[in-house]
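Residues per chain are reported as follows:
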Number of protein chains: 2
Amino acid sequence: MQSGEYTVGQLATAARTKAVTIRYYERQGLMRIPTRTPGGYRIYRSDDLDRLLFILRCRHFGFSLENVRELLQLADQTDAPCAEVDAKVARHLDEVRERLAELQSLEAELQRLSRCCAGGGIVKDCRIIESLSRDIGNSKTPACTP
Amino acid sequence: MQSGEYTVGQLATAARTKAVTIRYYERQGLMRIPTRTPGGYRIYRSDDLDRLLFILRCRHFGFSLENVRELLQLADQTDAPCAEVDAKVARHLDEVRERLAELQSLEAELQRLSRCCAGGGIVKDCRIIESLSRDIGNSKTPACTP
DNA sequence: CTTGACCTTATAGCAACTATAAGGTGCATC
DNA sequence: GATGCACCTTATAGTTGCTATAAGGTCAAG
Ligand SMILES: [Zn+2]
Ligand SMILES: [Zn+2]
Ligand SMILES: [Zn+2]
Ligand SMILES: [Zn+2]
């Protein structure tokens with residue numbers, strides 16, 4: 001091990017991730033196949049750290065591993081127009097906003113459900129259980145009027 | 001097959017779900033073990049439909065199957081206090097709000113990333129790729145656990 | 001009695017890891 | 001040189017809530 005070289009564990013520490021994750025990324029074709037010591041240990045260099053950090057930043061932004069793979073390829077073609085990159089980010093942003101809207105409506109529904117029951121009663125009279133037991137979605141009379 | 005009885009497919013249709021889902025819920029201990037025809041077909045009755053609809057409503061509210069299992073048990077003890085039910089719903093609402101907050105901050109970050117690049121350039125100069133290649137939030141590198 | 005829609009089970013796959021087992025390496029210390 | 005220990009290796013299974021496939025059996029209509 002020379003200076004500027006890392007074992008998988010050292011690379012993991014440097015990137016604040018775990019060795020298993022790095023091996024997993026290798027199997028998934030995100031990390032390059034590293035050289036090995038005579039004993040079979042993986043040896044990484046600083047460009048591997050760069051690549052790993054790129055991957056982790058993409059993950060932090062919620063990109064799927066497949067998207068990350070594509071982003072890595074795009075990032076390598078430095079002279080190509082970046083329109084595809086920009087589009088990928090924009091599309092992902094759209095997806096996140098969609099999930100956000102869904103989660104917001106879930107939160108509202110769940111809050112309504114939660115407020116159904118005043119507490120202190122028994123299951124037989126619990127408006128929450130009642131709401132879960134009948135079709136609130138199609139009911140004319142809403143189960144809960146908070 | 002008498003009236004008021006369902007095969008798994010008919011039950012699925014009645015609940016607007018799929019037969020495989022019902023069998024899966026049975027394996028997971030959510031649906032009761034049904035009786036069978038001499039040929040081995042599952043036979044369901046209207047209380048099975050009620051139970052299935054209860055499960056599906058819980059799923060609609062985002063409860064995990066484990067939570068649904070517990071809610072089913074709680075719902076069966078009609079004379080017990082409903083505090084546990086109420087607490088389960090409240091806890092789930094908290095989790096949803098937590099996810100919501102994470103998703104909101106992700107949306108903001110992603111919007112900032114998206115706006116980095118004006119478009120029309122090449123990858124080499126793309127601020128998005130640059131952002132993904134450098135430590136933008138460099139004061140802290142939060143390891144996002146989604 | 002054949003057709004065809006439906007049913008049965010078992011098994012594998014998805015995403016992105018996490019956990020476990022069983023063993024090998026590298027380096028410091030005795 | 002032997003030992004100990006932290007770290008490395010691979011393979012395999014588990015997580016969640018389904019979905020897909022294969023290979024076969026049942027039921028009711030025509
Ligand atoms: Zn209650
Ligand atoms: Zn809804
Ligand atoms: Zn962040
Ligand atoms: Zn760009």
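Residues numbered from 1 in each chain as written. Chains lettered and ligands numbered in written order. Predicted model: local features only at pLDDT ≥ 70, side-chain atom pairs only at ≥ 80, totals over all residues. Heavy atoms only, no water.

(A) Seen up close, unusual backbone geometry. A positive phi angle, close to 55 degrees, is found at Arg16 of chain A, a residue other than glycine. Turning to its location among the elements, Arg16 of chain A is positioned in the loop between α1 (8-15) and α2 (19-27). (Helix = DSSP H or I, 4+ residues; strand = E, 2+ residues; numbered from the N terminus.)

(B) Geometry of the coordination of the zinc ion (ligand 4). Cys82 of chain A (SG), Asp86 of chain A (OD), Cys117 of chain B (SG) and Cys126 of chain B (SG) make up the full set of protein donors to the zinc ion (ligand 4), lying at 2.1 to 2.5 Å. Viewed at the metal, the four donor atoms of the zinc ion (ligand 4) are separated by angles of 97 to 123 degrees, and the geometry they form is tetrahedral. Taken as a pair, Asp86 of chain A in helix α5 (residues 83-116) and Cys126 of chain B in the loop between α5 (83-116) and α6 (127-133) lie in two separate chains rather than in one. Residue Cys126 of chain B is classed as buried on the basis of its relative accessible area of 2%. (Donors = N, O, S within 2.8 Å, 3.2 Å for Na, K, Ca; no water. Tetrahedral: all angles 85-135°; square planar, octahedral: opposite > 155°, others 65-115°. Buried < 20%, exposed > 50% of the residue type's maximum accessible area, 1.4 Å probe, protein only.)

(C) Representation of the UniProt feature "domain: HTH merR-type" (unreviewed entry) in chain A in the model. UniProt records the feature "domain: HTH merR-type" (unreviewed entry) at residues 5-74 of chain A, using the numbering of this structure. With 60% helix and 6% strand, residues 5-74 of chain A has end C-alpha atoms that lie 27 Å from one another. (UniProt positions renumbered as here; feature names shortened; annotations may be inferred.)

(D) Highlighting the relation of the copies chain B and chain A. With an RMSD of 0.2 Å, chain B superimposes on chain A once it is rotated by 180 degrees and translated 0.0 Å along the axis. Taken together, the rotation angle and the small translation identify this as a two-fold axis. For chain B, the residue whose C-alpha comes nearest the rotation axis is Leu100 of chain B, separated from it by 3.4 Å. Taken together, the interface assignments show that 93% of the residues at the interface of chain B recur at the interface of chain A, consistent with an identical surface on both copies. (Least-squares fit on C-alpha atoms with pLDDT ≥ 70 in both. Contact = heavy atoms within 4.5 Å.)

(E) Molecular detail of the domain arrangement of chain A. Under the domain assignment used here, chain A contains domain 1 (5-80) and domain 2 (93-138). For domain 1 of chain A and domain 2 of chain A, the distance between their C-alpha centres works out to 42 Å. (Domains from an automatic or database assignment.)

(F) Inspection of the protein's contact with DNA strand D at higher detail. By nearness alone, 18 residues border DNA strand D, and Thr7, Gly9 and Arg42 of chain A together with Tyr24 and Tyr41 of chain B come closest of all. In the interface set of DNA strand D, defined as its atoms within 4 Å of the protein, sugar plus phosphate atoms amount to 76%. Tyr25 of chain B places a polar side-chain atom, nitrogen or oxygen, 2.9 Å from a phosphate oxygen of DNA strand D. Contact distances for DNA strand D include 2.7 Å between a base nitrogen and a side-chain N or O atom of Tyr41 of chain B. Within the residue set of the surface near DNA strand D, elements represented by two or more residues are α1 of chain A together with α2 (19-27) of chain B. Looking at side-chain class alone, the surface near DNA strand D contains six nonpolar, eight polar and four charged residues. (Near = heavy atom within 4 Å. Polar contact = N/O pair within 3.5 Å; in protein donor to acceptor, adjacent residues only side chain to side chain. Nonpolar A, V, L, I, M, F, W, Y, C, P; charged D, E, K, R; others polar.)

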